[in-house]
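Structure assessment
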Amino acid sequence: LLMKDEGNYSIFEQLSKKGKSRKIQKPLDALDIVHTRIASLLSRIKLPEYLHSGKKGHSNITNAQAHLNTSKTMTSDVEGFFPSTTRNMIFSFYFSVMKMSSDVADILSHICTCHGQLPTGSRISMPLAFFANSRMFDEINMLCEKLKVKMTVYVDDLTFSGDNVNRLFCSVVKRIISKHGHVMHPTKTKLYSECMPKLVTGIIITAGRLKVRNEQHRLMARDIEYW
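**A word on the sheet that holds strand β5 (residues 157-161)**
- In space, the four strands of this open sheet follow the order β4-β5-β3-β6, with antiparallel pairing throughout. Of all strands in the sheet, those bounded by a partner on one side alone are β4 (150-154) and β6 (190-192). Between one strand axis and the next, the sheet turns by 15° as a mean value, whatever way the strands run.
- Across three bridges, strand β3 (residues 73-77) lies against β6 in antiparallel orientation.

**What about the pairing of strand β8 (residues 203-206)?**
- Across the two faces of β8 the burial differs, with Ile203 and Ile205 buried and Ile204 and Thr206 not buried at all.
- By the bridge criterion, three bridges tie strand β7 (residues 198-200) to β8 in an arrangement that is antiparallel. Among the inter-strand pairings, Leu199 is bridged to a residue of β8, identified as Ile204.
- Between β7 and the antiparallel strand that follows it, β8, lie two residues; Thr201 among them carries a positive phi value of about 40°.
- Joining the antiparallel neighbours β8 and strand β9 (residues 209-212) is a turn of two residues, in which Ala207 adopts a positive phi near 50°.

**Quick look at the nonpolar core**
- Ranked by size, the top nonpolar core spans 43 residues in total, and within it Tyr94, Leu128, Phe137, Ile140, Met151, Phe160 and Phe169 carry the most contacts.
- Looking at this core, the elements with two or more residues in it are α1 (29-42), α3 (87-97), α4 (102-111), α5 (125-132), α6 (134-147), β4, β5 and α7 (167-179).
- In contact with Phe160, other than residues within four places in its own chain, are His67, Lys72, Thr73, Met74, Ile140, Cys144, Val149, Lys150, Met151, Val165, Phe169 and Val173.

**Some details on the sheet that holds β9**
- The three strands are arranged β7-β8-β9 in an open sheet whose pairing can be described as antiparallel. Strands with a single pairing partner mark the edges of an open sheet, and in this sheet they are β7 and β9. The mean angle between the axes of side-by-side strands here comes to 35°, regardless of whether they run parallel or antiparallel.
- Relative to β9, β8 runs antiparallel, the two being bridged by four bridges. Paired with Thr206 across the bridge in β9 is Arg209.

**Comments concerning α5**
- With six of its eight residues buried, α5 lies for the most part within the structure.
- Of the positions making up α5, those classed as buried are Ser125, Leu128, Ala129, Phe130, Phe131 and Ala132.
- Tucked inside the fold, the buried residues of α5 contact α1, α3 and α6.

Conventions used here
Residues numbered from 1 in each chain as written. Predicted model: local features only at pLDDT ≥ 70, side-chain atom pairs only at ≥ 80, totals over all residues. Heavy atoms only, no water. Pairing = 2+ DSSP bridges. Helix = DSSP H or I, 4+ residues; strand = E, 2+ residues; numbered from the N terminus. Axes fitted to C-alpha atoms, helices over the stretch in contact; angles between N-to-C directions. Buried < 20%, exposed > 50% of the residue type's maximum accessible area, 1.4 Å probe, protein only. Core = buried A, V, L, I, M, F, W, Y, C linked by side-chain atoms within 4.5 Å. Contact = heavy atoms within 4.5 Å.

So, in structure tokens, the structure goes:
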């Protein structure tokens, strides 16, 4: 019964702060309980050092701090990360990584997806998005270790810093992401030279310091004015 999409999800549109609409799939009742239990079990797995989301004592700020006092920097993200994480990817994680039997992995892959994709409004959304794609992130991290490049991940935001960060490095990362069934966001991929201010997960890095970006100052001023 919980493997069916109809009746198990509340599906609605939500506007982001920038006014962009995105579809939310929120599990209901019994499915929500099951998703909460799966999320609880996934949260007990040790996470890699490069991950800064869904991790105690870590945030978008610690993600940016990891790239202070570095030379060249590249930021990017995975386009449509949650919806492009498919049932097959989730099945592969349960079957190949967690070593579950194929029938159990198949049932779980159906329970954990809505219309063949990872739901966006569930407690499993963030942890399962990482674990279903952990082999992709690990492969990119192995490349970074070879090239002495610092890599951090915050949900679907990827940040790299080091002397070997360049267009060739960018194209190799893009190829790895593509190999794993995803797309590196073409307009959100940016290369920064050493002297340029860098926008990393909502934080400005400039002259070896972290600063709040102007847009955030404007929103804070607006909220104070409303108050």
